[in-house]
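Listed here are the chains, written in short residue letters.
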Amino acid sequence: MNFSVSSHATKILADNLIFSTPGHTRHPNRALVEPGFSTLRANPGLALGVGKHSAVLELGFDEKIPARTPVYVRINGDENFLSSLLGGSLGKSLLQTLGNVMIGNQVIEIELKDAHGNTVFKEDSESGFRSSSLRLVINSQGEYFLRVIPPQDFQRIRIHNKSGSLIGTGISYSLDVYYAFYHQVQEACDLVPLYTSFEGNGMSLDLLRLNPPISELQYAIDEDFMNTYSSLSLGILSTLGAESEQIFYFDQALNPNKNVLVNLKISKSLLDLGILNNIQIISYSNGVSTQQVQLSSFIDLDLLGLFGSDEIIQFSIAIDSAPIDQLGVKITSLVNLGLVNDHLGISGLYVVPKMPEPDFEGEEDRFRICQGDELRITPQLEHGLDYLWYKVEDDSILFIGEYDEFDVPENLPPGLHEYALRSRYQGCSQISIPWKFEVEVIEKSRPEEILIEPSNEVSVDANGVYQYREGLDDIVLTPSLPNMELNSTSFFWFLDEAQSQPIFDGMLLDNILFQLEPNGELTITNMPYIDPSDPFFLYVNYAGPGNCPASSPRALRLNSIIVVLGIELEEFHSKINDSREIEIFWKLTNLKEEHSLILEKANQSLQWTEAFRVSGKNQENGKFVDKNPWPNFNFYRVKVESELGKTLFVSSVISIKAPEIKEQSVKVYPTVFEDKINVDFPFSSEKAALIQLVSHSGETLITKEISLNQVGKKIEVNHLNFLPSGSYIIIIYFNNIKTAFHIMK
């Protein structure tokens, strides 16, 4: 992975020359600007200190520098000397491995002063740069810098190149000072550490002579995060108590809610050895450790390495509570693994947003929907972030697009579908680790495959109409499926195609008794006459193991085959008049004076009520105006009764849809729920809405009346853990309209 690191800091140089040692500090003014440098020469002298001298360069800033502001001095000199001092407290030991004690006799001293020349800080390299206040660091170009953290405000910086206590042989020590500066930090993209150094403890000199603890440090902070890397030697860590750490320095403190991605190059053989048990990522704030993360705690390496390759594994370190300014990758003693002749590579660190999180909880990062249903996934949106969605197929990661929310395609086939979401700071290239989630699409049932076996005197004609004898025998209908698993398939019966009127055991409707067996067998008692031209419909659906009920049930038509009546209906129709009323017209024959003519009406519940009654033969040709029709469909039929109230005739049923003003559609989700159901009303109204949760046995489980006095009303029907798994119906009553939604638990 390569990206161009944005410029996020301006160098503020110390551009005032306060003092330089005459004769031993060459070209002091060249340390005030880039490029160029001043050379400070020191000499330990001969016996009795003859010829001993040192060199000083003191520079000043235009303004006072606040305490805790990192200040840098770019230097150069003997490569062996400086590369050893990069090791901090290990530096003195590394100098001893060089075989030339005079190299280790050079001392670099840094002194910070206020504007009046008072010393506020002073340290040197004689024992190695041990403290967090003064370190020698390196940048991605391999250039050396002294990094100083002042405990107080200051304005001057004094660099002193001198010799130690050993008497020399007239050898001079040179130190090139290029410039001193601090960073004026700005908010920026693609933050990376600009400097690095290392630390170590417990290593023997013999092992250090064989292998440097860390080599090519600068490759861990260059812009190539996949192909170049620093190399931490593991062979020198085989003794008890040995440890090695590469430290990375950020210009600005990293606040919580950010993550640092650490790219490590680890061979499979090292992973098999359990090397992660010996690697820690340590966060520092002002030189103090604030968090230590053992890499063995990252169990799912497949998730971590989802977007990595070639043995590069990405570890995402969350910044939890306090801001940090340093990060260390530490390897502790490998005595438990034996002698390991291998290396750990660090290919880069960079700051990313934290992993996105969903706005509502799935079941272990899995969302379950019925085939063809809608699913919208929304992360917890944060200002300043873009959200990138991916489809995971086998080993491929396919970019879908950049959206604040993602609508899962409705045409997904049944099965598990894997997706990933990453976030990115707007205008930047750095991307978070992915949040991986699965969408389980559950196959819908196929009601057209349901077989209905009639019994008693019920028969099926050539057109598939189930025929019965009016009032004589019970109607028994037994559903089944090819290859049906016993006791694992549930059948559901309804009076309407919308499946909003379930039939339940013991249901009594207009003296018609419905009885249901656990296997779905339906028995109907006292079924009245039905006109052959307008058969009565029942509807059946099912939910088998691992599927959802289909949106549309199988329709089953019933019709009477025995009719003994003298009255005939020659004409029966309806229309909508200009006043948006329904007009019903009829024409009967053989109507007698003592007969009563009744017009009955019903809504989709088919619960009939008397709309009009009149006596006498003069009503054979009649008309009725329904000024208050039901919303949606209205059903009408004509009955004729004797003077004793006996039904002599029942007409066929006609239906007509009343004119209505449509509201925007109500949304109910998820279709497969666990503990709660959401109902969205995308409109406002002075009228209230009624929400009912109904079981397929017809039992009303929950009833809520909702005020719709604001647009975008979102209602939660929650605390549903007590419900057993199965199919349920949400019914919405609004403006005399009933809408049903089928859901599963």
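Residues numbered from 1 in each chain as written. Predicted model: local features only at pLDDT ≥ 70, side-chain atom pairs only at ≥ 80, totals over all residues. Heavy atoms only, no water.

**A short note on the pairing of strand β18 (residues 279-285)**
Piece 1. The buried fraction of β18 is high, at seven of seven residues.
Piece 2. A two-sided burial pattern is seen for β18, the buried positions comprising Ile279, Ile281, Ser283 and Ser285 on one face and Gln280, Ile282 and Tyr284 on the other.
Piece 3. Bridging between β18 and strand β21 (residues 324-332) involves six bridges; their strand directions are antiparallel. Residue pairing for β21: isoleucine 282 is matched across the bridge by glycine 328.
Piece 4. Here six bridges tie β18 to strand β19 (residues 288-294), and the two strands are oriented antiparallel to one another. Each residue of the ladder has a partner; that of isoleucine 282, found in β19, is glutamine 292. (Buried < 20%, exposed > 50% of the residue type's maximum accessible area, 1.4 Å probe, protein only. Helix = DSSP H or I, 4+ residues; strand = E, 2+ residues; numbered from the N terminus. Pairing = 2+ DSSP bridges.)

**What to know about the pairing of strand β54 (residues 727-734)**
Piece 1. Counting buried residues along β54, seven of its eight residues qualify, which places the element largely inside the surrounding structure.
Piece 2. For strand β51 (residues 688-695) and β54, the ladder comprises six bridges, and the chain directions are antiparallel. Residue pairing in the sheet places leucine 693 in a bridge with isoleucine 730 of β54.

**Section: unusual backbone geometry**
Piece 1. A cis amide bond links glutamate 34 to the next residue, proline 35, at an omega of -15°.
Piece 2. Mapped onto the elements of the fold, proline 35 is located in the loop between β3 (25-26) and β4 (38-42).
Piece 3. With an omega of -5°, the peptide bond between tyrosine 669 and proline 670 qualifies as cis.
Piece 4. By secondary structure assignment, the location of proline 670 is in the loop between β49 (667-669) and β50 (677-681).
Piece 5. Phi is positive for glutamate 216, close to 55°, though the residue is something other than glycine.
Piece 6. Looking at where glutamate 216 falls in the secondary structure, it is placed in the loop between β14 (214-215) and β15 (230-233).
Piece 7. Despite not being glycine, glutamine 499 shows a phi value in the positive range, around 60°.
Piece 8. Positionally, glutamine 499 belongs in the loop between β34 (490-494) and β35 (507-509).

**Remarks on the packing of aromatic side chains**
Piece 1. If you walk through the whole model with that rule in mind, you get 22 aromatic pairs.
Piece 2. Three or more aromatic residues joined by ring pairs form one cluster here, namely Phe367, Trp389, Phe406, Tyr419, Trp435 and Phe437.
Piece 3. Taking NZ or CZ as reference, arginine 74 lies 3.8 Å from the ring centre of tyrosine 178, over its face.
Piece 4. Positioned above the aromatic ring of tyrosine 419, the side-chain terminus of lysine 391 is 5.1 Å from the ring centre. (Phe/Tyr/Trp six-rings, centres within 6.5 Å; stacked < 30°, edge-to-face > 60°. Lys NZ or Arg CZ within 6 Å of the ring centre and 35° of its normal.)

**Remarks on the confidence of the model for the protein chain**
Piece 1. When pLDDT is averaged across the protein chain, the result is 82; 86% of the residues are at 70 or more.
Piece 2. This model gives residues 1-7 a pLDDT under 50, and the stretch forms 22 contacts once residues within four places in sequence are excluded. (pLDDT = per-residue confidence, 0-100. Contact = heavy atoms within 4.5 Å.)

**Let's talk about the environment of asparagine 118**
Piece 1. Along the polypeptide, asparagine 118 turns up in the loop between β7 (106-113) and β8 (119-124).
Piece 2. For the pair formed by asparagine 118 and phenylalanine 154, sequence separation is 36 residues and the distance between their alpha carbons is 9.0 Å.
Piece 3. With residues up to four places along the chain from it excluded, the contact list for asparagine 118 reads Leu112 and Lys113.

**Topic: the side chain of lysine 745**
Piece 1. Here lysine 745 shows up in the segment after β55 (737-744).
Piece 2. Here lysine 745 occupies a buried position and makes no salt bridge, while the nearest side chain of opposite charge, glutamate 674, is found at 4.9 Å.
Piece 3. At 3.2 Å, the side chain of lysine 745 forms a polar contact with the backbone oxygen of leucine 723.
Piece 4. The residues touching lysine 745, leaving out its near neighbours within four places in the chain, are Phe673, Glu674, Leu720, Asn721, Leu723, Pro724, Ser725, Gly726 and Tyr728. (Lys, Arg positive; Asp, Glu negative; His and termini not counted. Salt bridge = Lys/Arg side-chain N within 4 Å of Asp/Glu carboxyl O. Polar contact = N/O pair within 3.5 Å; in protein donor to acceptor, adjacent residues only side chain to side chain.)

**Some words on the sheet that holds strand β17 (residues 258-265)**
Piece 1. Read across the open sheet, the five strands follow the order β14-β15-β22-β17-β20; overall the sheet is antiparallel. With one partner strand each, in any of the chains shown, β14 and β20 (312-318) form the two edges of the open sheet.
Piece 2. Examined bridge by bridge, β17 and strand β22 (residues 343-353) share eight bridges and lie antiparallel to one another. Of the residues in β22, the one forming a bridge with leucine 261 is tyrosine 350.

**Observations regarding the state of the cysteines**
Piece 1. One pass over the structure, following the stated rule, counts one disulfide.
Piece 2. One disulfide bridge connects cysteine 370 with cysteine 548, the sulfur atoms lying 2.0 Å from each other. Its S-S torsion of approximately -85° makes the covalent link between cysteine 370 and cysteine 548 left-handed. Taken as a pair, cysteine 370 in strand β23 (residues 366-370) and cysteine 548 in strand β39 (residues 547-548) lie far apart in primary sequence, 178 residues in all. Comparing cysteine 370 with cysteine 548, the two get one shared label, buried. (Disulfide = S-S within 2.5 Å.)

**What to know about the sheet that holds strand β30 (residues 451-455)**
Piece 1. Read across the open sheet, the five strands follow the order β30-β33-β37-β36-β35; overall the sheet is antiparallel. A strand with exactly one partner marks an edge of an open sheet, and here the two such strands are β30 and β35. Mean inter-strand twist for the sheet, computed between neighbouring axes without regard to direction, equals 20°.
Piece 2. Across four bridges, the pairing between strand β36 (residues 512-516) and strand β37 (residues 522-525) is antiparallel. (Axes fitted to C-alpha atoms, helices over the stretch in contact; angles between N-to-C directions.)

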